[in-house]
Amino acid sequence: MKKEIAKFTINDRPYELLVESNVTLAELLREQLDLTGTKCACGVGECGSCTVLIDGKPTLSCSTLAIAVREKDILTIESLATREGLHPIQQAFIDHGAIQCGFCTPGMIMMTKALLDENPDPTEQEVKEGIGGNLCRCTGYVKIVDGILAAAESMGKEGGR
Amino acid sequence: MGEELTIVGKKVPRWAAFEKATGAARFTVDFKLPEMLAGRLLTSPVAHANILKIDTSRAEKLPGVEAVITFEDVPNKLFNPNKMDMCLFDPSGELPDMYVLSDKARFVGDKIAAVAAINAGVAEEALVLIEVEYEELPAVFDSLEASNPGQPRIHDFAKNNIALTFPCLANRGDVEEGFKEAHVVVEQTFKSSKQHMCQMEPTTCVADFDASGRLTIWSMSQHPFLHRRKLAELFDMPVGMIRWKTLHIGGGWGKYGSFVAEPVCVALAKKAGRPVKLEYSREEDFRTTETREAHIMTGKIGVRKDGTISALQNKVVVQGGAYFTHNSNATNVAMGCFASLYTCPNVYEIADAVYTNIPVSGGCRGYGNPPAMWALEQLMDMAAEKLGMDPLELRLKNTKKVGEFGPANYALETSTFDDCLRLGAEKIGLKEKRGGRREGTKRYGVGMAMFMHVSGSIGATQHRNVHLKFNEDGTVNLAAGCVDLGQNIHGTISQIAAETLGIRYEDIIIHTGDTDTTFFDQGMHASGGLFQIGNATVKGATELKKLLFERAAKMLEAHPEDLDVKDRWISVKGSPDKGVSVADVAKDAIYNYEDDHNHLAAKGSYSPEDNQPPVGASFAEVGVDTESGEVNVIKLVIVCDVGRAINPQTVESQLEGGASQGIGYALTEDYTINPETGYLEADNYITYKIPGAADMPDMEIIQYEKPVSTGPFGAKGVGEAAMVPIAPAIANAVYDAVGVRVTDLPITPEKILKSMEAKREKI
C-alpha cells in the first residue's frame, strides 16, 4: 500500500502523519490518533455517526479517504468542550436528555454544529431535516430536536460561538 | 415515604451524559490493549450445506495471521447462546443445538471460521484464503412449509423441523365451552416480523488470557454474571478464572441477552495467545446476529353479547430460524401476555417452534409481547366491529381489576387500565376523529391498543445486589453489577441511593462493569432493572443510613431514632441547633483513632417478592394515501402507568424511544429474505429502514403515576412498555382510515394497495 506523509489541522492542532492511501479519515482519527469520539456504526456512510466537520462542512469520515483531506481543517467531537466548559450544544443535549446510549451522539452533535453554523435560528422542521441522515435507535429524536432548538436559542443569546 | 422527595422524581442529568456528549466515553468498539489482534468472522454464503472440507493452510501462511479457527478448534459441545438456562428454575425449555463454529451451514451467515491477525486488513485478506468445500443441501425458508413431511431436515433430532411443541403456562378453563357462549367469534392469522435490534454500536468483543490462564473479557453483554458462568461451562473453566467487564454499550434491546461475539473471540484469543478484538461489520450484524422473535399466530376470540370475552385461543408457529436460542422463553412470554391482558376465563394457546434455514430469532424489546399484541389488539377491534360495539367500550368491559393476575403471575395491586384508556382517548380526540376524514386521495383514521408488560421475569433467578460505602467527604461509592445500555439504570439507582441517604445526586459515585468487584446481578432483561436493582439499592442505602445514624448519634449524644438527614446534614428532631454533617460522620468513621474503625459500608440484596406490571394504552392518528398506499403517522398518544417516575425525563425518553421502534416495526422495518436463496436482502440501513428524525410524528407521552407498594419509591419497569402497543394501534388506525387490515408486518404501501384492491373486487 502506498504511504505518504500528509499534513492536517485536527481540532486546531497541526499534525504531520504517515497515511496509507486506503485509510479512511475515521480510521485515521480512531486508530492512528486514538480520537475515538468519532464513531462508526455502519462503516458505509448510511447512518451519520462518523460525522466530522471538514473546513466547516459536515462530512462522513467513514467514507472519506484521509489522504483526500490533507491540508484541511478537521473538527471532531473532542474539539467542542474547552477549558471554559462544554459547548452550548453539548450542554443542551445533556439538559434535554438527548443522549441515551450515546453512540450516535458525537455525530449528531457535529451535525448540529454544522446546522446551526449555517442556520442559527432553525425551525423544528429544519432541524428534523438537518439531522435526517443521522440515525438514532434510542431516543425517537424528540429530545434531540428539543436539545438542538434549545442550543440554537442559547447560542443566539450568547451571540454565537 | 410520605415525606417530600428531593431527588427521586426530579429531572437530573443521566448517568455518563457528560462523557458521552464530549466523546470521552469509551465503548467496546473503542477499546484497545497492547499486542491486540484484530478478529474477523467467516460466515456461510449458502443456506444449507454440509462442510466437506475446510483448508486453512493458505490463510495461516499469510504474514501477520496469528490464528485461524474452525469447528475443530472450539469445544465439541452443543450449547444455546441465550443465557436463560443459567437463571431459570426449569431450564429444560431452551434447547442446546449450536456449536461455537459449525461443521454444517444452516443459514446464510452461519459462523464457519474466524481469523486473528495483526490488523483488520490482514485478517480480511486471510478470510478470502480459507477454502471451504460446501455440499449444498435443499433448504427451507418458510416456517409453515418447513413442518410438512418431506422437507429438508435442519437438525437431526427435530422431526419435521419441529424443535419443540409447548402449551401456554396460563391455559385455563374450556375454550370450546367459551366459544359456545360467545355471541361473536373472530379468527384470523397474523404474522409478525423479524425486527432487527439495530443497536448503533457494532457487535464487538475483546478477550485476553493472562500468563496464569485467567481470561478477561470486555463485551456488550446484558448479563455479565450469567454469561461468565455460561462461558466457564462452555470452555471447561472455573468461573473464577474469568473476569467479565463491560464498558459503555451502544444499545442492545435483548441482543446481548445471548452470546454474540464472545465464544468465537475467546477461542481466537486462546489459540493466538494474544488479546483479540472481534468486531462485526454492520452487514454481519444484520445477517449473523439474532433478531426479534417472530411468530405466525392464528388467534381466535369469542365475545359475549354484553362485550365480555368468553374465550381466547392462539396457535403459534415460531419462526425461529436455524437455531433455537430464545424460542421457548420469548414464546412463553408472548402466550402469557396474550392470555393475561384481559379478564377471560377460558384460554388455550400452544406453540410449535419450527426450524428453517433463515437467520436466528432471539428476543428483542418486549420479548414476545409485541407479536402477541399485534394479534390480540387487532382481534379486539375486529370483534368490536362484528359485535357493533365501540372498540374503546369493548376494552373497558374487559380490563383487569385489582387482585386479578398480571402476566408475571402476581396479583395486581392497582388497576389503571380504564384511566389510561379514557385519558388517551380524550387526548387523541378518538370520538371526533374516528371514521375517516377525507382530503383528496388521503384518508385519515384513529386506532388504539392496550398493553401490560412486566417489571422483571418469573420462574427465574432475579437476584440483585449492590454495595455502598461512605468516603470521608460524605460521598458514596455505589457498586452494582447491572449494565447500562443507555436506559440510565445507573442514574436512576444513584437517585434512589441519594434520596434514601439524604445526600445529593452528585454525591453518588457509581462503579459497575466488573464481575470481580461487584456482587452478583442477574442482568438486564424483562424491564426488571429498576424494579429489582432499585429495591436492592433502597435496602442497601437504608442499612447504610442506619450505620450513619448510629455513629452520628454517638457524636451528637442523641438516639439514632431521633435523627433526621436532609441535604447532607444530620439533625436531631426537635433540637434545630443540634446537628452534624454527613461528611463529618463519615470522616469520623475512618479517622477517629480512638474509636472502633467501623467503616460505613452496607450491602443490599433483593430477590423479587412481587412484580407489578407497567400498563397503559397507545393511540395513533394516521393518514393513508389511497393512491400510493403510504401511511403517515400524524400523532401518537401513549399513556403509561409507570408507578412512579424516578427520573421523569428518563421515563419519557424510554417511552419515546420505544414508540419510535414501534413505528419502524409497524411500517418500514422489513427483514426481507430472498425466498429462493435464503439470502438476507435487508442487510444495511438503506434497505432495512429504521425511523429517522423526519419520520417521527407529534408525540404526547403521559406518565400516569400510581405508586405500588413493592416498587422502589413505588416505581415499575418501563423499558419495553411503549414498544408493545404501537404496531397494532397503527394497524387499527389504518383500518379506520381505509377499511383494510394488514395482518403481516410491516404494513407496507404495497400490502395496503393490494388489500384495497382485494376489497374493491369483493364489492
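Here's a quick rundown of the structure. (Residues numbered from 1 in each chain as written. Chains lettered and ligands numbered in written order. Predicted model: local features only at pLDDT ≥ 70, side-chain atom pairs only at ≥ 80, totals over all residues. Heavy atoms only, no water.)

Section: empty space enclosed by the protein
Residue and element names in this part refer to chain B.
Then, number 1: Applying the stated criterion across every chain yields a total of four cavities of 30 Å³ or more.
Then, number 2: Taken as a whole, the largest cavity spans an internal volume of roughly 250 Å³.
Then, number 3: Taken together, 22 residues line the largest cavity, and the ones lying closest to its centre are Met98, Lys111, Phe259, Val260 and Thr288.
Then, number 4: Counted by class, the lining of the largest cavity contains 14 nonpolar, five polar and three charged residues.
Then, number 5: Estimates place the volume of the second largest cavity at around 40 Å³.
Then, number 6: When grouped by side-chain class, the residues that make up the lining of the second largest cavity number seven nonpolar, four polar and one charged. (1 Å grid on protein atoms, 1.4 Å probe; cavity = no way out; pocket = protein on both sides within 12 Å on 5 of 7 lines; lining within 4 Å. Points joined across faces, edges and corners; volume = space filled by probe spheres on them. Nonpolar A, V, L, I, M, F, W, Y, C, P; charged D, E, K, R; others polar.)

Digging into the packing of helix H10 (residues 369-387) of chain B against helix H11 (residues 391-398) of chain B
Residues and elements named next belong to chain B.
Then, number 1: It is at 9 Å that the axes of H10 and H11 come closest, and there the two elements cross at 110°. With respect to H11, the element H10 is oriented roughly perpendicular. Note that H10 runs across H11; the crossing there is right-handed. On H11, the residues touching Glu377, Met380, Asp381, Ala383, Ala384 and Leu387 of H10 are Pro391, Leu394, Arg395 and Asn398.
Then, number 2: Looking at side-chain class alone, the contact of H10 with H11 contains six nonpolar, one polar and three charged residues. (Axes fitted to C-alpha atoms, helices over the stretch in contact; angles between N-to-C directions. Helix = DSSP H or I, 4+ residues; strand = E, 2+ residues; numbered from the N terminus. Parallel < 35°, antiparallel > 145°, perpendicular 65-115°, else oblique. Left-handed = near helix turned anticlockwise from the far one by under 90°. Contact = heavy atoms within 4.5 Å.)

A word on the sheet that holds strand E24 (residues 601-606) of chain B
All names here are of chain B.
Then, number 1: Pairing is mixed in the open sheet, where four strands are placed in the order E20-E19-E18-E24. Lying at the two open borders of the sheet, with one neighbouring strand each, are strand E20 (508-511) and E24. Ignoring strand direction, the axes of neighbouring strands in this sheet form an average angle of 20°.
Then, number 2: Two elements, strand E19 (residues 476-480) and E20, share four bridges in a ladder whose sense is parallel. Within the sheet, the bridge partner assigned to alanine 479 lies in E20 and is histidine 511.
Then, number 3: Together, strand E18 (464-470), E19 and E20 form the strand contacts of helix H14 (residues 489-501), whose direction differs from that of E20 by roughly 140°.
Then, number 4: Against the sheet, helix H15 (residues 529-556) touches E18, E19 and E24, its axis set at about 150° to E24. (Pairing = 2+ DSSP bridges.)

Topic: helix H7 (residues 262-272) of chain B
Residue and element names in this part refer to chain B.
Then, number 1: Counting buried residues along H7, nine of its 11 residues qualify, which places the element largely inside the surrounding structure.
Then, number 2: Looking at H7, one finds that the buried residues are Glu262, Pro263, Val264, Cys265, Val266, Ala267, Leu268, Ala269 and Ala272.
Then, number 3: Phi turns positive, to about 70°, at glycine 273, one or two residues after H7. (Buried < 20%, exposed > 50% of the residue type's maximum accessible area, 1.4 Å probe, protein only.)

Digging into unusual backbone geometry
Then, number 1: Here the residue pair Leu745(B) and Pro746(B) is connected by a cis peptide bond, since its omega of -10° sits within 30 degrees of zero.
Then, number 2: For Pro746(B), the position within the fold is in the loop between helix H18 (726-738) and helix H19 (749-762).
Then, number 3: One non-glycine residue, Tyr141(A), adopts positive backbone phi at about 70°.
Then, number 4: Mapped onto the fold, Tyr141(A) is located in the loop between helix H4 (124-130) and helix H5 (142-158).
Then, number 5: You can call Tyr141(A) buried: its relative accessible area is 1%.
Then, number 6: For Asn488(B), which is not a glycine, the phi torsion comes out positive at approximately 75°.
Then, number 7: For Asn488(B), a relative accessible area of 3% gives the class buried.

Looking at the packing of aromatic side chains
All names here are of chain B.
Then, number 1: Per the counting criterion, the structure on display carries nine aromatic pairs over all chains.
Then, number 2: Judged by centre distance (6.3 Å) and plane angle (50°), the ring pair of phenylalanine 79 and phenylalanine 259 falls under tilted. Of this pair, phenylalanine 79 sits in the loop between strand E3 (65-69) and strand E4 (104-105) while phenylalanine 259 is found in the loop between strand E11 (242-245) and H7, placing the two residues 180 residues apart along the sequence.
Then, number 3: The class for phenylalanine 79 is buried, based on a relative accessible area of 7%.
Then, number 4: A ring pair is formed by phenylalanine 286 and tyrosine 685, whose centres lie 5.8 Å apart and whose planes are at 75°; its orientation type is edge-to-face. A residue pair is termed long-range when its members are at least 10 positions apart, and phenylalanine 286 in helix H8 (residues 282-288) and tyrosine 685 in the loop between helix H17 (648-667) and strand E27 (698-704) qualify at 399 residues. This pair shows no difference in class: phenylalanine 286 is buried, exactly as tyrosine 685 is.
Then, number 5: One aromatic cluster is present, formed by Phe79, Trp244 and Phe259 through successive ring pairs.
Then, number 6: Here lysine 300 stacks its cationic end above the ring of phenylalanine 179, 4.4 Å away from the centre of that ring.
Then, number 7: Lying over the aromatic face of tyrosine 735, arginine 741 brings its terminal NZ or CZ to 4.5 Å of the ring centre. (Phe/Tyr/Trp six-rings, centres within 6.5 Å; stacked < 30°, edge-to-face > 60°. Lys NZ or Arg CZ within 6 Å of the ring centre and 35° of its normal.)

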